[in-house]
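Understanding the architecture of this molecule
What follows is each chain in one-letter form.
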Amino acid sequence: MRILFYVSEDIFPINNGVTVAISGLSLSLSKYVEVYVYNYKIKQFYKFDALKQITKQPEESIYLTFDLVICSPLLSIRDFLLKSKNTIKYKKLIGFVSDNYTYVLWRNIVVSWTVKQITFSDIKSFLKIPL
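Residues numbered from 1 in each chain as written. Predicted model: local features only at pLDDT ≥ 70, side-chain atom pairs only at ≥ 80, totals over all residues. Heavy atoms only, no water.

1. What about the pairing of strand E3 (residues 44–48)?
Along a regular strand, successive side chains alternate from one face of the sheet to the other. Most of E3 is tucked away, with 4 of its 5 residues classed as buried. Where strand E2 (residues 34–39) lies against E3, 5 bridges are found, and the strand directions are antiparallel. The residue bridging Asn 39 from the neighbouring strand is Gln 44, located in E3. Of the pairings in the sheet, the one linking E3 to strand E4 (residues 54–56) comprises 3 bridges and is antiparallel in character. Opposite Phe 48, over in E4, you have Ile 54 as the bridge partner. (Buried < 20%, exposed > 50% of the residue type's maximum accessible area, 1.4 Å probe, protein only. Helix = DSSP H or I, 4+ residues; strand = E, 2+ residues; numbered from the N terminus. Pairing = 2+ DSSP bridges.)

2. Observations regarding the side chain of Ser 76
Topologically, Ser 76 is positioned in helix H2 (residues 76–84). Side-chain polar atoms of Ser 76 contact the backbone oxygen of Ser 72, separated by 3.2 Å. For Ser 76, the residues in contact, after removing those within four places along its chain, are Tyr 6, Val 7, Ser 8, Tyr 40 and Cys 71. (Polar contact = N/O pair within 3.5 Å; in protein donor to acceptor, adjacent residues only side chain to side chain. Contact = heavy atoms within 4.5 Å.)

3. Quick look at the pattern of salt bridges
One pass over the full model with this rule turns up 3 salt bridges. For the salt bridge of Arg 2 with Glu 34, the shortest nitrogen-to-oxygen distance reads 3.4 Å. With a gap of 32 residues between them, Arg 2 in strand E1 (residues 2–7) and Glu 34 in strand E2 connect regions that are remote in the sequence. By relative accessible area, Glu 34 is classed as partly exposed at 28%. The salt bridge involving Asp 67 is made with Lys 91; its shortest N-O contact spans 3.1 Å. One end of the pair, Asp 67, is in strand E5 (residues 65–72); the other, Lys 91, is in strand E6 (residues 89–95), with 24 residues separating them in the sequence. Looking at Asp 67, the relative accessible area reads 21%, which means it is partly exposed. A relative accessible area of 60% places Lys 91 in the exposed class. (Salt bridge = Lys/Arg side-chain N within 4 Å of Asp/Glu carboxyl O.)

4. Quick look at the sheet that holds E3
Whether parallel or antiparallel, the strands of a sheet pair through hydrogen bonds between backbone atoms. Within the open sheet, the 6 strands sit side by side as E4-E3-E2-E1-E5-E6. Their pairing is mixed. Only two strands of the sheet have a single partner each, and these edge strands are E4 and E6. If you compare each strand with its neighbour and ignore which way they point, the axes differ by 25° on average. Relative to E5, E1 is paired through 5 bridges, and the arrangement is parallel. Note that in E5 the partner of Phe 5 across the bridge is Ile 70. (Axes fitted to C-alpha atoms, helices over the stretch in contact; angles between N-to-C directions.)

Here it is in structure tokens:
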């Protein structure tokens, strides 16, 4: 099985919730399947191995067929569907939301409700939770 993480930033060094979630999941999965990471912002393709090493791959590697593409953070799925859907061959596509992100969205709406100042931005953030 071959998995591709389609991300907007490099997963190393670990510096935020997205990089923590992706690097941890990559490390766990790389023990059992081939794990690749594609940073679409800088158009760089990497292979992740079980020894926690990430190696730069040639651009042609993007033409592999992936069993699963995981887009993270969630908005990466929009970029994938608009720009890479026809380039990257895949069987299944999912968007990944870390628990930390979901919790932040939830707390934002709770605080807004408590102080009785709900804005359109708060409602828009709240609607992201089920997505």
